[in-house]
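Listed here are the chains, written in short residue letters.
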Amino acid sequence: MNNQHNTVLTTIHQRRSIGKLVLPVPSDDELATALQAAFAAPDHKQLKPWKFTVLTGQALIEFGKVLLQAEEANVPANTLDDTARQKLLNMPMRAPMIITVATDIKEHEKVPPFEQLLSAGAAIQNLLLALESLGYHTVWRTGPLCNEPLVKAHFDVADKDTICGFVYVGSSDVQMPARESIDINDFVTFCD
């Protein structure tokens, strides 16, 4: 089989995380297309065990404030210097769009919570690949504040659920080096 002209495989192999992104971001139609791809992730019993929140503009600034508040709740009073405070406020500004993905675990006798969590991860991967195929770049971020109570409350994520990632979205002219080849035999056992 000739894989050189397989656009799906090409997108998978060429996708790279790029940390600093700028405008433009996907149009409404492009974003809807990418989200539909995310929703096509493996999803046993079609529970849709995830929720997505798209942030742009002022919502990114508000998210930075929430990150700062969450950090302040975790450290002794007055221990954050101005540089650390500004860094937290600026974190969401590294991209013009952030898509937050969290689980929305459903009670189901045949679909345990871990399987629903994996479905959310698969949805994120589909989203990354769809956006890449549309000409945009992404980086999937989490970090120590990802599931702090203030952050979860900001995104209306229940205690039982998990924020799986913040997908930073935008454009970049950065040329990433080719991905190094991996010997699959280091990670795969073949059994007859």
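Here the structure is shown first, and the text comes after it.
Residues numbered from 1 in each chain as written. Predicted model: local features only at pLDDT ≥ 70, side-chain atom pairs only at ≥ 80, totals over all residues. Heavy atoms only, no water.

S.K.: Please explain unusual backbone geometry as it appears in this structure.
M.R.: Cis geometry marks the peptide bond from Leu-23 to Pro-24, where omega comes out at 5°. With respect to the helices and strands, Pro-24 occurs in the loop between helix H1 (7-14) and helix H2 (28-38). The phi dihedral of Asn-78 falls on the positive side, at around 60°, and the residue is not glycine. (Helix = DSSP H or I, 4+ residues; strand = E, 2+ residues; numbered from the N terminus.)

S.K.: Sorry if this is basic, but what is going on with the sheet that holds strand E4 (residues 163-170) here?
M.R.: Two modes of strand pairing occur in sheets, parallel and antiparallel, and in both the strands are linked by backbone hydrogen bonds. Strand order across the open sheet formed by four strands is E1-E2-E4-E3, with antiparallel pairing between neighbours. Strands at the two margins of the open sheet, each flanked by one partner only, are strand E1 (50-56) and strand E3 (137-141). Each strand of the sheet is rotated relative to its neighbour by a mean of 20°, with strand direction disregarded. Strand direction decides the pairing type here: E3 and E4, joined by five bridges, are antiparallel. Residue Arg-141 lies in a different strand from E4, and its bridge partner there is Phe-166. Along the sheet face, helix H3 (residues 58-74) touches E1, strand E2 (97-103) and E4 and points at about 110° away from the line of E1. (Pairing = 2+ DSSP bridges. Axes fitted to C-alpha atoms, helices over the stretch in contact; angles between N-to-C directions. Contact = heavy atoms within 4.5 Å.)

S.K.: Hey, could you run me through the nonpolar core in this one?
M.R.: Inside soluble globular proteins, nonpolar side chains tend to come together where they are buried. By size, the foremost hydrophobic cluster in this structure holds 23 residues, and its most contacted members are Phe-63, Ile-98, Val-151, Phe-155, Ile-163, Phe-166 and Tyr-168. At the level of secondary structure, the elements contributing two or more residues to this core comprise H3, E2 and E4. Among the elements that take part in this core, H3 stands out by supplying six residues, more than any other. Other than its neighbours up to four places away in sequence, Phe-155 contacts Lys-51, Thr-53, Leu-55, Phe-63, Thr-100, Ile-163 and Phe-166. If you look at the next biggest cluster of nonpolar residues, it comprises 21 residues, including Leu-31, Leu-35, Ile-99 and Cys-164. (Core = buried A, V, L, I, M, F, W, Y, C linked by side-chain atoms within 4.5 Å. Buried < 20%, exposed > 50% of the residue type's maximum accessible area, 1.4 Å probe, protein only.)

S.K.: Before we go on, may I ask you to explain the side chain of Thr-103 in this structure?
M.R.: Looking at the element boundaries, Thr-103 is found in strand E2. Under the relative-accessibility criterion, Thr-103 is labelled buried at 3%. Side-chain polar atoms of Thr-103 contact the side chain of Asp-161, separated by 3.0 Å. When sequence neighbours within four positions are dropped, the list of residues in contact with Thr-103 reads Pro-49, Trp-50, Leu-117, Ala-120, Asp-161, Thr-162 and Cys-164. (Polar contact = N/O pair within 3.5 Å; in protein donor to acceptor, adjacent residues only side chain to side chain.)

S.K.: Hey, could you run me through the packing of aromatic side chains in this one?
M.R.: Given two aromatic rings, one states the distance between the centres and the angle between the planes to describe the pair. This model, assessed by the stated rule, comprises six aromatic pairs. Taken together, a centroid distance of 6.0 Å and an interplanar angle of 75° make the contact between Trp-50 and Phe-52 edge-to-face. Considered together, Trp-50 and Phe-52 belong to a single accessibility category, that of buried residues. Between Phe-155 and Phe-166, the ring centres sit 6.0 Å apart and the planes meet at 45°, which makes this aromatic pair tilted. Pair noted here: Phe-155 is in the loop between helix H6 (149-154) and E4 and Phe-166 is in strand E4, with a separation of 11 residues, a long-range link. One aromatic cluster is present, built from ring pairs that chain together Phe-39, Trp-50 and Phe-52. Of note, Arg-141 hangs over the ring of Tyr-168, and the distance from its end group to the ring centre comes to 5.0 Å. (Phe/Tyr/Trp six-rings, centres within 6.5 Å; stacked < 30°, edge-to-face > 60°. Lys NZ or Arg CZ within 6 Å of the ring centre and 35° of its normal.)

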